[in-house]
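# Coordinate analysis (summary)
Chain residues, written in single-letter form:
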Amino acid sequence: MELIADRLTKQYGSKIAVDRMSFELKKGVIGLLGANGAGKTTLMRMMCGILSPTSGELSYNGLSVTSEEYRNVLGYLPQDFGYYPEFTGKDFLMYFCALKGLDKKAAKARCAELLDLVGLKDVAGVKVKKYSGGMKQRLGIAQALINRPEVLILDEPTAGLDPKERVRFRNLIEELGKESIVVLSTHIVSDVEHIADRIIMMKSGQIIWQGSWKESDGSLEDFYLKEFE
Amino acid sequence: MDIEQYYDKIYRYIFYKVNNRALAEDLTQETFLKFLKSECEEPERFLYTIARNLCIDEYRRIKPMTVEDEEALNVSYEFEDDLVTRQAIHEALERLEPEDREMVVLRFVNDEPIAEIARICKMSRFAVYRRLKEAKAKLKELLERGNG
Amino acid sequence: MKDRELKDALKAYAGTPDPFRKDAFIRSVAEKEKRKRATIPAQIFVQARYIRVYAWLTAVVIVLLPLFEASVKFAPLFKVAADVMPFLAGLGVIEAMRAEAHNMAELEQTTLLSAKSAFFARMILIGAAQFAAILAAAALFSKGEAGSMLTAGINLILPHCVTNILCFVLERTKFGRENVWSCFAVAAGVFLLKLIVETTAASFTPDNSLLLLLTAVLIVIEIVEFKKTVNTEELSWN
């Protein structure tokens, strides 16, 4: 289980969003820290195979990130996502179960299980447009987990969650990190400080620091703020 | 065969036999491993058969309920007016015949169709129907009395 | 005690297995099982369930129009059919672009079945339904007579084709993606263009072979533009 980026670059016109990034990710939780506009989303979209890099390579266990086999083990939560207005929470999950290749009976079982896991069981039949921000975000996380991903990519997953939901979410991520590669981007240090096995700090499309942060290294928050002043 | 579809059903089926979470999980996974080796075409019935046999093998080794399980029994669930405790459900189920208990689990917990239950239990559909009706009435009576 | 309550109580008693152990187990076993394959037909099958009824109905209405004429001898109905063609095409593209309009396309693209084929599948389905409807309508309007069937078919397909091409081009722009309803403006534009051509060139009737050639060229352009739109990458950046 290894996701490898080699001198990955993405350029939009004259703007360089991601600049020659190289890293090797193994099983565990990886926190991608950086201010808005640092290139986190662009990087994550490339990791999902929906944006092709201008130059450089990205592969998972030797598979291209644009391959079917990779998509079969990928879970993705974008920074922002929508839904058909007529969808209930359950409809939404059933749709993505179908797209992820589950047959109807398996999809039903998986939906029930996921709705329970993210605490949306009681509102499964309610239209998504009536959901609060936090509920919608939990639905997005459930969607990403449908195919039991080996690579889970979460773009700003804690946005919109209330403090209680955040704690619940962190526990979930920690558990998932034991079996998969979980990459989560955030600009809030406390989201990843205690659960990330590894931190990658990004600024203007480049890695400015990466490694595992230990208590003995002092406050990650202070370090982060210093770097971004 | 899609494990996704049957995993929880088999887990619950076993849980009602062994009354222990961790053990039920172990046996569930063993059931699927055995099933996958067998390359059988008819998952539903065969899965239940494997699970049942594994439970019988395990039966002699099952110890009386642990303290942890006893504590878990005191968690209660609210249903509109009634307050049914896990303890009450456990006791009521204990008072059913093992065969009836099995049918109740298959029908009311796993929502299996009567025809399928008849095949799993090797009984006529009519017999299943009749015994389920009786078992249901008995369970309700026990639970209502227990809480009334 | 109701049956429902008994069931719920029994289900709650068993609870659910530990999700993470289950996860690890299913994943370890799934590797040994056959991997699912993603195919375009599978995607088309899924999308067919999610295209709204009205999209199919609009195609059906086109087929129904000539049936009316047969019974009430209301000749201008063919002109009506030709006039609504741009709008039919526009609606089709709007329906196919629904996931994009509702910001769901990014999620669709990371699923097993589709890299970019969700939009492709929806457009193929709607396009095929509309195309079949147009052919059926042309045959019914001309009562099966080969010569007038060709003329009727060309008259219906041309505006449909032009609208689709322009819509595809529009949907590749950021504006188009964010304002899917603008396809309707395109349709209105083609409708006006059609009116202008019809009034200014009323006396000029080109022969069928020329029109047939034009239609063929437009269909080729339509396919090329469709492919380009399917392959567009989202260009937004923070």
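Residues numbered from 1 in each chain as written. Chains lettered and ligands numbered in written order. Predicted model: local features only at pLDDT ≥ 70, side-chain atom pairs only at ≥ 80, totals over all residues. Heavy atoms only, no water.

## Overview of the pattern of salt bridges
Residue and element names in this part refer to chain C. If you walk through the whole model with that rule in mind, you get 41 salt bridges over all chains. The shortest N-O distance in the salt bridge between Arg122 and Glu100 comes to 3.6 Å. Here the residue Arg122 occupies a position in helix H8 (residues 117–141), and Glu100 occupies one in helix H6 (residues 98–101), the gap between them amounting to 22 residues. Like Glu100, Arg122 is buried. Here Arg172 and Glu225 are joined by a salt bridge, their closest N and O atoms 2.9 Å apart. One end of the pair, Arg172, is in the loop between helix H9 (146–171) and helix H10 (174–178); the other, Glu225, is in helix H12 (residues 208–230), and 53 residues separate them in sequence. Judged by relative accessible area, Arg172 falls into the partly exposed class, the value being 22%. (Salt bridge = Lys/Arg side-chain N within 4 Å of Asp/Glu carboxyl O. Helix = DSSP H or I, 4+ residues; strand = E, 2+ residues; numbered from the N terminus. Buried < 20%, exposed > 50% of the residue type's maximum accessible area, 1.4 Å probe, protein only.)

## Side note on the interface of chain C and chain A
Opposite the 41 residues of chain C that make contact, chain A presents 52 residues. Taken together, the two surfaces of chain C and chain A that pack against each other cover about 4,300 Å², and 55% of this comes from carbon and sulfur. If you look at where chain C meets chain A, you find four salt bridges. Residue Lys22(C) pairs with Glu113(A) through a salt bridge whose shortest N-O separation is 2.7 Å. Going through the elements one at a time, helix H2 (19–30), helix H3 (40–50), H6 and helix H7 (105–109) of chain C are the ones with two or more residues in the side of chain C that touches chain A. The element best represented in the side of chain C that touches chain A is H2(C), accounting for seven residues. (Contact = heavy atoms within 4.5 Å. Buried area = accessible area lost by both parts, 1.4 Å probe.)

## Structural notes on a positive patch on the surface
A cluster of basic residues, Lys90(A), Lys104(A), Lys108(A) and Arg49(C), forms a positive patch on the protein surface. Tracing the chain through its elements places Lys108(A) in helix H4 (residues 104–117). (Patch = residues over 30% accessible without salt bridge, like charges linked within 9 Å, V, L, I, M, F, W, Y side chains within 5 Å. Areas by Shrake-Rupley, 256 points an atom, 1.4 Å probe, with all protein chains shown as cover. Lys, Arg positive; Asp, Glu negative; His and termini not counted. Charge placed at Lys NZ, Arg CZ, Asp CG, Glu CD.)

## Let's talk about the sheet that holds strand E2 (residues 15–26) of chain A
All names here are of chain A. Pairing in this open sheet of four strands is antiparallel, and the strands run E2-E1-E4-E5 from one edge to the other. Bordering the open sheet on either side are E2 and strand E5 (63–64), each of which pairs with just one other strand. Of the strand pairs in this sheet, strand E4 (residues 55–60) and E5 are connected by two bridges, and their pairing is antiparallel. Looking across to E5, one finds that Ser59 is bridged to Ser64. Sheet strands in contact with helix H1 (residues 40–47) are strand E1 (2–12), E2 and E4, and its direction is about 55° off that of E2. (Pairing = 2+ DSSP bridges. Axes fitted to C-alpha atoms, helices over the stretch in contact; angles between N-to-C directions.)

## Structural notes on the pairing of strand E3 (residues 28–33) of chain A
Residues and elements named next belong to chain A. Counting buried residues in E3 gives six out of six residues, a clear majority hidden from the surface. Every second residue of E3 is oriented toward a common face, with Gly28, Ile30 and Leu32 on one face and Val29, Gly31 and Leu33 on the other, all of them buried. Direction of pairing for E3 relative to strand E8 (residues 181–186): parallel, over a ladder of six bridges. Across the sheet, the residue bridging to Leu32 is Ser185, located in E8. Where E3 and strand E9 (residues 198–203) come together, four bridges link them in parallel fashion. Within E9, the position partnered with Leu33 by the bridge is Met201.

## Overview of the packing of helix H3 (residues 89–99) of chain A against helix H5 (residues 133–145) of chain A
In helix packing, the relevant descriptors are the interaxial angle and the interaxial distance, both defined with respect to the helix axes. Residues and elements named next belong to chain A. Put simply, H3 and H5 touch, their axes get as near as 9 Å, and they point 25° apart. Considered as vectors, H3 and H5 are oriented roughly parallel to each other. As for how H3 packs across H5, the hand of that crossing is right-handed. Residue-level inspection shows Gly89, Phe92, Leu93 and Phe96 of H3 in contact with H5, the latter providing Leu139, Ala142 and Gln143. Of the residues belonging to the contact of H3 with H5, the class tally is five nonpolar, two polar and no charged. (Parallel < 35°, antiparallel > 145°, perpendicular 65-115°, else oblique. Left-handed = near helix turned anticlockwise from the far one by under 90°. Nonpolar A, V, L, I, M, F, W, Y, C, P; charged D, E, K, R; others polar.)

## Brief notes about the environment of Asn179(C)
All names here are of chain C. Mapped onto the fold, Asn179 is located in the loop between H10 and helix H11 (182–200). Taking the relative accessible area as the measure of exposure, Asn179 reaches 33% and is therefore partly exposed. A C-alpha to C-alpha distance of 9.8 Å links Asn179 and Ile94, two positions 85 residues apart in sequence.

## Focus: the layout of surface pockets
Of the pockets and cavities examined, the largest pocket occupies roughly 1,300 Å³. Around the largest pocket, the lining comprises 33 residues; the ones closest to its centre are Ala112(A), Asp8(B), Arg12(B), Lys11(C) and Thr16(C). Among the elements that make up the lining of the largest pocket, the one with the highest residue count is H4(A) (nine residues). Residues that form the lining of the largest pocket fall into these classes: 11 nonpolar, four polar and 18 charged. (1 Å grid on protein atoms, 1.4 Å probe; cavity = no way out; pocket = protein on both sides within 12 Å on 5 of 7 lines; lining within 4 Å. Points joined across faces, edges and corners; volume = space filled by probe spheres on them.)

## A few points about H3(A)
Burial analysis of H3(A) places nine of its 11 residues in the buried class, the great majority of the element. Among all positions in H3(A), only Gly89(A), Phe92(A), Leu93(A), Met94(A), Tyr95(A), Phe96(A), Cys97(A), Ala98(A) and Leu99(A) are buried. Taken together, the buried residues of H3(A) touch H4 and H5 of chain A together with H3, H7 and H8 of chain C. Gly101(A) lies just past H3(A) and shows a positive phi near 85°.

## Topic: the nonpolar core
Phe92(A), Leu93(A), Ile173(A) and Met104(C) are the most contacted members of the largest nonpolar core, which totals 59 residues. Top element by residues in this core is H3(A). It accounts for eight residues. Look past the residues within four positions of Leu93(A) in its chain and what remains in contact with it is Cys111(A), Leu114(A), Leu115(A), Leu139(A), Ala142(A), Gln143(A) and Ile146(A). Ranked by size, the runner-up nonpolar core spans 52 residues in total, among them Phe35(B), Cys55(B), Leu139(B) and Leu6(C). (Core = buried A, V, L, I, M, F, W, Y, C linked by side-chain atoms within 4.5 Å.)

## Concerning the packing of helix H5 (residues 77–96) of chain C against H11(C)
Residue and element names in this part refer to chain C. As a packed pair, H5 and H11 sit with axes 8 Å apart at the nearest point and diverge in direction by 155°. Between H5 and H11, the angle falls in the class roughly antiparallel. For H5 against H11, the interelement crossing comes out right-handed. Judged by residue contacts, Lys79, Ala82, Asp83, Pro86, Phe87, Gly90, Leu91, Val93 and Ile94 of H5 engage Cys183, Phe184, Ala187, Ala188, Val190, Phe191, Lys194, Leu195 and Glu198 from H11.

## Focus on empty space enclosed by the protein
All told, the structure shown has five cavities of 30 Å³ or more when counted by the stated rule. The space that makes up the second largest cavity amounts to roughly 90 Å³. Taken together, the elements giving at least two residues each to the lining of the second largest cavity come down to H4 of chain A together with H2 of chain C. Residues of the lining of the second largest cavity, tallied by class, amount to six nonpolar, no polar and four charged.

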